[in-house]
Amino acid sequence: MEPSTLIGATPRPTSALLPVFPAACSGTLGRHLARRLVEIGVHDVFSVPGDFNLTLLDHLIAEPELNLIGCCNELNAGYAADGYARARGVGACVVTFTVGGLSVLNAIAGACSENLPVICIVGGPNSNDYGTNRILHHTIGLPDFTQELRCFQTVTCHQAVVSNLEDAHELIDTAISTALKESKPVYISISCNLSAIPHPTFGRDPVPFFLAPKVSNQLGLEAAVEATAAFLNKAVKPVLVGGPKLRVAKARKAFVELADASGYPIAVMPSGKGLVPEHHPHFIGTYWGAVSTSFCGEIVESADAYVFVGPIFNDYSSVGYSLLIKKEKAIIVEPNRVTIGNGLSFGWVFMGDFLTALAKKLKKNSTGMENYRRIFVPPGIPLKGQKDEPLKVNVLFKHIQEIVTPNTAIIAETGDSWFNCQKLRLPENCGYEFQMQYGSIGWSVGATLGYAQGAKDKRVIACIGDGSFQVTAQDISTMIRCEQNTIIFLINNGGYTIEVEIHDGPYNVIKNWDYTGLVDAIHNGEGKCWTTKVRTEEDLTEAIAKATGEHKDSLCFIEVFVHKDDTSKELLEWGSRVSAANSRPPNPQ
């Protein structure tokens, strides 16, 4: 499912007129914002109260279709809005002026990097204080209220400072509609004294947005399809690779149409996992250069033509710039542009239109798939451990694979979980999320909270390292309050393992916590939460049986002890190559 395709695409048909309030009791800014959030599909807002946003929070609480979820800190509220946007297509958070805004900023930057429409709402100063020489609390002590705004300008696609009721309606609706159109976060600051004041512009429920669909330049589309088809139809063994921008382009269905029509092998870039159907008969795995799925990298890099759909080639996805990909063989399909080899490039050609049209022009070519089937050898199975033998990471993920179903979703934290979760085979409709472009450790705790709240039909399985968990652990509390039944595998290996493999040092060793004891203290007997420690395969088998059986309605926190050097072979290879890229000497001057 592509949740974002459901947001604001067409006006909702209705047989009844939207409510219009009498002039004497005109609607308020706070009510309009609450109703607008509901109208675009936000039913849960993640917040941290502060004196500048309290009146606004009153109005959000008063909206019966909106659930206000208080988080332990602003960073996690932002991460939760990120996770919710992944599940529902759009998310929202509310914080207070500057101290809250600058705290949530890191999460909003991550959402920006992942092309997620997150509405970041900040309770701002009293409207009477603008233009004065007053110094306010929650600032750095200068009579300048724009510091927060300036910070958000680089990580949001639109900013609105609402300090006057006359244009508040326009500013709010423009910001929210821009987030939906651009699939990026926006910033809305609302003066603390405006939310409860009636104003005629809010005299009726918000009219549903009509966001006109983007339509390709027809001549450019035809030219791009013709040139691409000519390029691919003369290739001997072409391949198709899906990337992370399939989400923002809303082109997942069109990608499958092309895969079906072409007969090409299909692979996925690591940051695109979950966007390409792994149950497809032509799926060959993750293309990640030297750490690709077995036999997938060989098929992709030996192809004489490759179609990369929505890729991001950065130092991480290219394994330290070591991909064996030649530009002259590549067709790069961006959300609104197609580039063919070293030559032609076509703008204002949208990905979905292009893939659908191209599918009708390609000759079926199964050579790549035949080559793959010739060389493919099924993956090995981790050896059965001896009784009471310490648990190995590959054994852990063998058991996690067995509980992955269409009714689950995987959240992979930055670290070795990136590599181990890449190897999980996802059934149809299974969710999968991680934050590869921004790679902020600790993201997964808040994102798990938000995703689970937005996808209540799925049970979330989160794989989190101990170092990452220490950054954002508090909002386990919020998961329990929200009665979520997530399974968290806390992988306790004593430090920042991914950084050890890039560049080791004493700073990568962390203070060990009693993680289950911490979660038990947070639980404090209120709500449903079950914890356990796992040291052997027998312990793990028993823990998973309980988590999926008698504790299936509880938040399940399973602390897994593994050796500090027990990492995936992919991390070892990737870490050495990224380290080499990071340590390149300066170019001669």
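Procedures and definitions
- Residues numbered from 1 in each chain as written.
- Predicted model: local features only at pLDDT ≥ 70, side-chain atom pairs only at ≥ 80, totals over all residues.
- Heavy atoms only, no water.
- Helix = DSSP H or I, 4+ residues; strand = E, 2+ residues; numbered from the N terminus.
- Rg over C-alpha atoms; globule rule 2.2 N^0.38 Å.
- Buried < 20%, exposed > 50% of the residue type's maximum accessible area, 1.4 Å probe, protein only.
- Contact = heavy atoms within 4.5 Å.
- Areas by Shrake-Rupley, 256 points an atom, 1.4 Å probe, with all protein chains shown as cover.
- Pairing = 2+ DSSP bridges.
- Axes fitted to C-alpha atoms, helices over the stretch in contact; angles between N-to-C directions.
- Salt bridge = Lys/Arg side-chain N within 4 Å of Asp/Glu carboxyl O.
- Parallel < 35°, antiparallel > 145°, perpendicular 65-115°, else oblique.
- Left-handed = near helix turned anticlockwise from the far one by under 90°.
- Disulfide = S-S within 2.5 Å.
- 1 Å grid on protein atoms, 1.4 Å probe; cavity = no way out; pocket = protein on both sides within 12 Å on 5 of 7 lines; lining within 4 Å.
- Points joined across faces, edges and corners; volume = space filled by probe spheres on them.
- Core = buried A, V, L, I, M, F, W, Y, C linked by side-chain atoms within 4.5 Å.

As for the overall build of the protein chain
Regarding its fold elements, the protein chain presents 21 helices and 19 strands. In terms of overall size, the protein chain behaves like a compact globule, its C-alpha atoms giving a radius of gyration of 25 Å where 589 residues would be expected to give roughly 25 Å. With respect to the three principal axes, the spread of C-alpha positions in the protein chain is 75 × 65 × 65 Å. Out of the 589 residues in the protein chain, the part that is buried amounts to 56%. Excluding contacts between residues fewer than 6 apart, the proportion of contacts in the protein chain whose partners are at least 24 apart in sequence is 77%. Total accessible area on the protein chain is roughly 24,400 Å²; 54% of this is exposed by carbon and sulfur atoms.

So, the sheet that holds strand 19 (residues 555-561)
On the basis of which strands lie adjacent, the open sheet formed by six strands has the order 15-14-16-17-19-18 and parallel pairing. Edge positions in the open sheet fall to strand 15 (431-433) and strand 18 (529-534), since each of these has one partner strand only. Averaged over all neighbouring strand pairs, the angle between strand axes comes to 15 degrees, with direction disregarded. In the sheet, strand 16 (residues 459-465) pairs with strand 17 (residues 487-492) via five bridges, with the strands oriented parallel. Across the sheet, residue I464 finds its bridge partner in strand 17, namely L490. Contacts from helix 13 (residues 393-402) reach strand 16, strand 17 and strand 19, with the element oriented near 175 degrees to strand 17.

Topic: the side chain of S195
For S195, the position within the fold is in the loop between strand 6 (186-191) and helix 7 (218-233). Classification of S195 as buried rests on a relative accessible area of 2%. Ignoring any residue separated from it by four or fewer positions in sequence, one finds S195 in contact with T28, L29, G30, T55, L56, H59 and I190.

Some details on the pattern of salt bridges
Counting across every chain of the model gives 24 salt bridges. Salt-bridge contacts for R36 lead to D173; the nearest nitrogen and oxygen are separated by 2.8 Å. Of this pair, R36 sits in helix 1 (residues 29-40) while D173 is found in helix 6 (residues 168-182), placing the two residues 137 residues apart along the sequence. According to the relative accessible area criterion, R36 is buried, its value standing at 2%. E114 is paired through a salt bridge with R86; the nearest N and O atoms lie 3.5 Å apart. With a gap of 28 residues between them, E114 in the loop between helix 4 (99-113) and strand 4 (118-124) and R86 in helix 3 (residues 74-88) connect regions that are remote in the sequence. Taking relative accessible area as the criterion, E114 reaches 15% and is therefore assigned buried. Residue classification places R86 among the buried positions, given a relative accessible area of 5%. Through salt bridges with shared partners, one network takes in R31, R35, E63, E65 and D205.

Remarks on the sheet that holds strand 5 (residues 158-162)
Strand order in the open sheet formed by six strands is 2-1-3-4-6-5, and the pairing between neighbours is parallel. With partners counted over all chains shown, the strands left at the sheet margins are strand 2 (67-70) and strand 5, one partner each. Between one strand axis and the next, the sheet turns through 20 degrees on average, direction left out of account. Note: strand 1 (residues 44-47) against strand 2, four bridges, orientation parallel. Across the sheet, F46 pairs through a bridge with I69, a residue of strand 2. Docked against the sheet, helix 4 engages strand 3 (91-96) and strand 4, running at close to 155 degrees with respect to strand 3.

What to know about the packing of helix 3 against helix 15 (residues 443-454)
The description of two helices packed together rests on the angle between their axes and the distance between the axes. Where helix 3 meets helix 15, the closest approach of the two axes is 6 Å, and the angle between their N-to-C directions is 45 degrees. Compared by their axis directions, helix 3 and helix 15 come out oblique. Considering the relative orientation of helix 3 and helix 15, their crossing is right-handed. Contact with helix 3, carried on its side by N76, Y79, A80, D82, G83, Y84, R86, A87 and R88, involves W443, G446, A447, L449, G450, Y451, Q453 and G454 of helix 15 and no other residues of that element.

A few points about the environment of F210
Along the polypeptide, F210 turns up in the loop between strand 6 and helix 7. Residues F210 and G27 lie 183 residues apart in sequence; the distance between their C-alpha atoms is 22 Å.

Quick word on the state of the cysteines
Per the counting criterion, the structure on display carries zero disulfides. In this structure C151 is a free cysteine whose sulfur lies 12 Å from that of C120, the closest cysteine sulfur available.

Comments concerning the layout of surface pockets
Estimated volume of the largest pocket: approximately 1,200 Å³. Along the walls of the largest pocket sit 41 residues, with T293, P379, G380, K423 and E570 positioned nearest its centre. Looking at the lining of the largest pocket, the elements with two or more residues in it are strand 9 (283-286), helix 10 (296-301), helix 13, helix 14 (416-422) and helix 21 (569-582). No other element matches the five residues that helix 13 contributes to the lining of the largest pocket.

A look at the pairing of strand 17
In terms of burial, strand 17 is a largely internal element, six of the six residues being buried. Side chains I487, F489 and I491 project from strand 17 onto one buried face, and the interleaved I488, L490 and N492 project onto a second face that is buried too. Relative to strand 19, strand 17 runs parallel, the two sharing six bridges. Within strand 19, the position partnered with I487 by the bridge is C556.

Here we look at the nonpolar core
Core analysis: the biggest nonpolar cluster contains 99 residues, and F469, F489 and W574 have the highest contact counts within it. The element best represented in this core is helix 3, accounting for eight residues. Of all hydrophobic cores here, the second largest spans 36 residues; its members include L232, Y264, I266 and L362.

What about the environment of A85?
Here A85 is to be found in helix 3. Along the backbone, A85 and P117 are 32 residues apart, and their C-alpha atoms lie at a distance of 6.7 Å. Setting aside its immediate chain neighbours within four residues, A85 contacts V90, G91, L116, P117 and V118.

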